[in-house]
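A look at the structure
Below are the chains, spelled out letter by letter.
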Amino acid sequence: MSEKKVSVWTSITFWRRSAAWVTGTAVVLLMWLTFNTIGQISMGTDEDLQNGVKKRIPAPTVINYKIDYAYDEKRGHEVPVIGEKELFFGKEWSADEAAELLRHGKLTQQAKNCMNCHTLLGNGAYYAPDLTKAWLDPKWNDGTMTGITGKDTVEEAMAEFLMHPSQFPTHARMMPNLGITKEEAIALVAFLKHMSAIDTNGFPRNFSQSAKRLEGGTHAW
Amino acid sequence: MLGSIKSNKFQYESQKLAMNYFRVAIVLFGAQLLMGLIAATQFLYPSFLFEVYDFSVARMVHINALVVWMLYAMIGSVYLLLPDETGIEAVGIKLGKLAFWVLTAAVTVVVLVYIFIQVGPGSEATIWLINEGREYIEAPRWADIGIVVVVLIFYYNVFATYMKGEKTGIMTVLVADLFALAGLYLCGMFFTSNISMDQYWWWWVIHLWVEATWEVFVGSLAAYGLIKILGAKREIVEMWLWIEVLMLFGSGILGLGHHYFWIGTPEYWWEIGALFSALEPVPLVAMFVHVLYDWGKEQGHAEAGQAGHAVKNSPAMAWIAINAFGNFLGAGIWGFFHTLPQVNIYTHGTQFTAAHGHLAFFGAYATILIGMMYLGVQRAYAIERMRMTFKTKMAIALLITGILGMTVSLTIAGYEQVLVERADLGGGWDAYFIAQNLPWMLQAMGWRLVMGLVMFTGFIFLVADLFTIGKAKEHAEQESVGAAAA
Amino acid sequence: MEPVIMLPQIAADEFLRIFVVATLVLVFGVGYAALITLSKMGLIPKRVAPFGYIFWILQAYCLYDLSVLIHSSPFTAKVLMVAMLAYFFAPHLYFYLIEQSEKRYGEAEES
C-alpha cells in the first residue's frame, strides 16, 4: 500500500498495453491452433482410404465405401466407420471423378441455399432436419423413402427426391422444388455421403437410437 | 428522421452522411422484421407462399438484412462521432458520400436478386452472381468485392481523419477494431469442397465479428455515449474501455472454440471453447455495472448541483441502458447455458440457438445502434436536452416485450427439441418431425409469431418517433430550463 | 488406459435443472456484483451488502451443482471453484479501480 499519488491500476497506458498484450497473445494462440487444426481437417487421400488410415475428413473417394456410425468405446461417442467397398450409382468413382463430383455437390449445396432451411454439421436454419448424417438416416435405409420414390438404392432414391421433392411429401412442411438437375442431384448425394463420413466428435449423439426406438432394430443397411 | 433533411443543423458533412446511413439502416431493419414475420408464418402454415417465396429465401433476406442494417448503422455511428472525437471534418468526405451511394445501389441489387432469382444452378457462376449460400454472408462474390472496396474507402476516411485530428482513446480503439472487423470479412470469400474447412473459416467471420470485434465496437459506442449524454469524465470512461477491450478480446477470440465442437475439428476445442466461452459473460457483467454506475453517479452529481437532470438525451440513454442489460441477458445468459460441450451436443442446431441469436443480436447491437440514431436526430435539430415522447416509450415497451416474448417461445421450443428430438430420439429425419409436431413446439411457434407482430408494432412507433421527435414539444420546456440554468 | 469419457450421457429429466442452474450462475453473479457496487456507491443502504455475499455463495453453489450435473471431471470442478474464489474479489477490485480513477481524474476541472 504505497502512498504514491497515482496508482498504476488507474493508468490508461497500463490498461492500453495490457489490452494489446492480451489480445496479441490470444491472436497468436488462435493462429497456432489454426495451423494445427487445418492440418487435421484437410481432406485425406485415396491412399489413406485404401490403407485404412483414419482421417477426420476423408478423401472424396469415400463415396466408394460403406459408411456406418457406431459407438466407439475408447472415445465414448459415435464415430464414422468406413467399411467395405460398395458401388455408388452403379460404379466405382476414380479419385479425380470423385473430387469433381464432390466439388459440384458442394457448389450445388451453396447455390440451392440448403443452409437456410437445413443444418449442416449443426449450423444453418432449423426449418428442416439436420443433414450431417442424412446419408445414414433410417428414413432412407429402412425402405421408406426407397419405397416412396420407387428406387432400389439409397443414392437413387435420394437423387429422385432431390429432383422432385414436393412430389414425395412426408410432412405438411415440404421441401420446395429448387430446379435440381439429375447431375446436380447425383453430386449432392455424393456431398451428403461424404459429409456422413466426417468425424464430428459424436454429433449428432445417439443417432441410431431413433431407429432402434422406432423400428425395433438398427438402421444398418 | 427524414425531417432532418429540413432540419440539418450539423456542423460537419460527416454527420450528415451519418444520417444517410441511419436512414437506410432503418429501412433494412423494417425489411428484416417483415421477412421474419413471413418465415415465422411458414413455421405454422407451411403452405404459405410455398414454391413462390420459400422459407429459405425469407430467412436468407431476414438474416442478411440484419447484418447489413447493423453494418450501416455502425458506419453511420462512426461518421457521427468522427468529427466529435477528432475535432475535424472527415478527410475524404466526397469519396465517403460516393461510397454510400455505391454501397446502397449494390445492396439493392443483391436484395432484388435474392428475392426474384432466389437460386441458381450448382456452378461457380451462381456463387459469383446470385448467392453464395453461406449463412449470414450469402452476398454473391461480386458484391463481396464491392463491399471490400467500399469498406476500404470508409476505413481510409476513418484512419486518415484519425491521423490528422486528435487521437482520443475511443478513436484508437475504433481504428484498431474496424481494421480487424474489415479484414475478417476476407476469410469468408473463398470456395472449398471441404465443408469442415468451409465452416472453420466461416466462423472466423461470424464469431470474430459478433463475439469480439462488434462487442468492442459497442463498448466504444457506449463510451462515446456516456461522455456525450451524461458528461462522464473522458479519462475514466477510456480507462474502462481499455479494460473492456482486454476482457472482450481476451475471452472472445479463443471463445471461437465453442463453434468447433462438432464440425470435424479436433477434440481439444472442447476444453478451449468451454473455458473461454465461460469467461465471455464476465466483460458483459463489467459493462453492465459500469454503465449503471456512471448513470447513477452523474445523476447524483446533477441532483447535487443545479442542473436537475444529468441526461442530455434520455431516449439514447434509455437504449444504452437497455443495451447493457440486453447484452448481458442475450449474449451472456442465453449464450452461457448452452455453451458447454456436455450440454451443447444436445442443443447444437436446435431452436435454442435461434433464441440466443434473436436476443443477443437485439440486446447487444440493435439497442445501442438505435440509441446512436437518437443521438443523430438530437444533433440534426440541435436540441439541448432531448426527452422521451410517448412514441419513444411505446417503441421501447413493444420492442422489448416482442423480443423477450420471442426469445422465451423459442427457448421453450428448443427445450422440447432437446428432450424429444435429441436426448430421447437421437436426431434424424423422423426424430426431427416428431419433435416439430408436438404441441409444445407448435404453441411456441404461435407465440413467436404473435410476439413478432408486437415487435413490428414497436418498430412502427420507433420509426414514427425518429421522424417526429426532433419537433416534439417535450424538449422545449427543458430547453428553456437549461437556458435559464446556463 | 481407462478411456476418459468426456461427454457422458445426460438423462432427459436433468436438462431442465442444468439450464436453470446455468442461468442462476449468471443471475447471482451479476446480482452479487451489482449489490456490492451499489451499496458502495451509497445508492442502496450499506446493510444490503451482506445479501450480495449470499448471492455469491448461491452462485458458487450453482456452479458446483452445474459441474456435477454435467459430470465434470474432479479437476475441472476444482478449477471452477478457484474461479469462483477469484470472482469473489471482482467487485472489490472493480470498486477500488473506480475510487482510484476518480481520485486521479475526477478532481480535474469539471467539463
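Residues numbered from 1 in each chain as written. Chains lettered and ligands numbered in written order. Predicted model: local features only at pLDDT ≥ 70, side-chain atom pairs only at ≥ 80, totals over all residues. Heavy atoms only, no water.

Thoughts on the overall build of chain C
In plain terms, the rule: Helix and strand definitions here come from DSSP, where helices need a minimum of 4 consecutive H or I residues and strands a minimum of 2 consecutive E residues; each element is numbered from the N-terminal end. For this measure, only C-alpha atoms enter the radius of gyration; the expected value for a globule follows 2.2 Å times N^0.38, where N is the number of residues.
Scanning chain C from terminus to terminus reveals three helices and zero strands. Listed by position from the N terminus, the elements making up chain C come as α-α-α. In terms of C-alpha radius of gyration, chain C reaches 19 Å, well past the compact-globule figure of 13 Å for 111 residues. Judged by the C-alpha coordinates and their principal axes, chain C covers about 65 × 30 × 25 Å.

Description of the environment of N327 of chain B
Residue and element names in this part refer to chain B. Formally: The criterion used for residue contact is that any of the two residues' heavy atoms lie within 4.5 Å.
Among the structural elements, N327 can be located in helix 12 (residues 314-336). The spatial distance from the C-alpha of N327 to the C-alpha of I263 is 27 Å, given a sequence separation of 64 residues. Every residue in contact with N327, bar those within four places of it in the chain, is listed here: E215, L284, M287, G332, G363 and A364.

Concerning a nonpolar patch on the surface
All names here are of chain B. Threshold: Surface patches are defined over residues having more than 30% relative accessible area and no salt bridge, joining like charges when they lie within 9 Å and nonpolar side chains (Val, Leu, Ile, Met, Phe, Trp, Tyr) when within 5 Å. Surface exposure here means Shrake-Rupley accessible area, sampled with a 1.4 Å probe, where a residue is shielded only by the protein chains that are shown. Salt bridges are identified by distance alone: a Lys or Arg side-chain nitrogen within 4 Å of an Asp or Glu carboxyl oxygen. The buried label goes to any residue with under 20% of its type's maximum accessible area, the exposed label to any with over 50%, and the partly exposed label to all in between, with areas taken from a 1.4 Å probe on protein chains only.
Taken together, the side chains of V109, W128, L129, W142, I145 and V149 make up a nonpolar region of the molecular surface, amounting to roughly 520 Å² of accessible area. At the level of secondary structure, the elements contributing two or more residues to the nonpolar patch comprise helix 5 (124-129) and helix 6 (141-164). Among the elements that take part in the nonpolar patch, helix 6 stands out by supplying three residues, more than any other. Tracing the backbone shows V109 in helix 4 (residues 93-116). Of the residues examined, V109 reaches a relative accessible area of 39% and is grouped as partly exposed.

Side note on empty space enclosed by the protein
Condition: Using a 1 Å grid laid over the protein atoms alone, points where a 1.4 Å probe fits but cannot get out form a cavity; open sets with protein on both sides within 12 Å along at least 5 of 7 lines form a pocket; any residue with an atom within 4 Å of a point counts as lining. Grid points are joined across faces, edges and corners, and a volume is the space filled by probe spheres set on the points. Nonpolar residues are Ala, Val, Leu, Ile, Met, Phe, Trp, Tyr, Cys and Pro. Charged residues are Asp, Glu, Lys and Arg, and all others, Gly as well, are polar.
Applying the stated criterion across every chain, the model contains 10 cavities of 30 Å³ or more. Approximately 690 Å³ is the volume attributed to the second largest cavity. Forming the walls of the second largest cavity are 42 residues, and the residues nearest its centre are H118, A128, P129, F161 and M175 of chain A. Elements with a minimum of two residues in the lining of the second largest cavity: helix 6 (154-163) and helix 7 (182-196) of chain A together with helix 3 (55-86) and helix 16 (429-437) of chain B. Among the residues making up the lining of the second largest cavity, the classes are represented as 30 nonpolar, seven polar and five charged.

Details of the layout of surface pockets
Residues and elements named next belong to chain B. Roughly 890 Å³ of internal volume is contained in the second largest pocket. Around the second largest pocket, the lining is made up of 44 residues, and of these V68, L71, L103, I147 and V151 lie nearest the centre. Contributions of two or more residues to the lining of the second largest pocket are made by helix 2 (13-44), helix 3, helix 4, helix 6 and helix 7 (169-185). Residue classes in the lining of the second largest pocket are distributed as 39 nonpolar, four polar and one charged.

Re the interface of chain A and chain C
Quick reminder of the rule: When two components associate, each loses some accessible surface as probed by a 1.4 Å sphere; the sum of these losses over both components is called the buried area. Under this definition, polar contacts are N or O atom pairs within 3.5 Å; protein pairs additionally need one hydrogen-donor-capable and one acceptor-capable atom, and for neighbouring residues in sequence, both atoms have to be side-chain atoms.
Between chain A and chain C, the contact holds 13 residues from the first and 12 residues from the second. Between chain A and chain C the total buried area reaches about 1,100 Å² when both faces are included, carbon and sulfur atoms providing 54% of it. Our count for the chain A to chain C interface comes out at zero salt bridges. Where chain A meets chain C, there are three residue pairs in polar contact (both at pLDDT 80 or more). A class-by-class count of the residues in the side of chain A that touches chain C yields five nonpolar, five polar and three charged.

Brief notes about the packing of helix 12 of chain B against helix 14 (residues 351-380) of chain B
All names here are of chain B. Note the following rule: Fitted lines through C-alpha atoms serve as axes, helices being fitted only where they are in contact, and the angles separating the N-to-C directions of these axes extend from 0 to 180 degrees. Relative orientations are named as follows: roughly parallel for angles under 35 degrees, roughly antiparallel for angles over 145 degrees, roughly perpendicular for angles from 65 to 115 degrees, and oblique for any other angle. Helix crossings are classified by the rotation of the near helix relative to the far one: an anticlockwise turn of less than a right angle makes the crossing left-handed, while a clockwise turn makes it right-handed.
Following both chains from N to C, one finds helix 12 and helix 14 inclined at 165°, their axes separated by 8 Å at the closest point. The orientation of helix 12 with respect to helix 14, classified from their angle, is roughly antiparallel. Classified by chirality, the crossing of helix 14 by helix 12 is left-handed. Residues belonging to the contact of helix 12 with helix 14 are distributed by class as follows: 18 nonpolar, nine polar and no charged.

What about the packing of aromatic side chains?
Our working definition: Two rings from Phe, Tyr or Trp (for Trp, the six-membered ring) form a pair when their centres sit within 6.5 Å of each other. Planes less than 30 degrees apart are called stacked, planes more than 60 degrees apart edge-to-face, and all others tilted. Charge over a ring is defined by NZ of Lys or CZ of Arg lying within 6 Å of the ring centre and within 35 degrees of the ring normal.
Scanning the entire structure with this criterion turns up 59 aromatic pairs over all chains. The interplanar angle of 75° and the centroid separation of 5.6 Å between the aromatic rings of W9 of chain A and F14 of chain A together place this pair among those described as edge-to-face. Overall, W9 of chain A belongs to the partly exposed group, its relative accessible area being 37%. Exposure remark for F14 of chain A: the relative accessible area of 28% places this residue in the partly exposed category. On the numbers, 4.7 Å between centres and 45° between planes, the contact of W240 of chain B with Y94 of chain C is tilted. Of the two residues, W240 of chain B is situated in helix 9 (residues 234-255) and Y94 of chain C in helix 3 (residues 74-106); the pairing between them involves two chains. We note that W240 of chain B, like Y94 of chain C, is buried. Its guanidinium or amino end placed over the ring of W128 of chain B, R141 of chain B lies 5.4 Å from that ring's centre, counting from NZ or CZ. The ring of Y162 of chain B has K167 of chain B lying over it, and the distance from NZ or CZ to the ring centre is 5.8 Å.

Everything listed is a geometric property; what it means functionally is a separate question.
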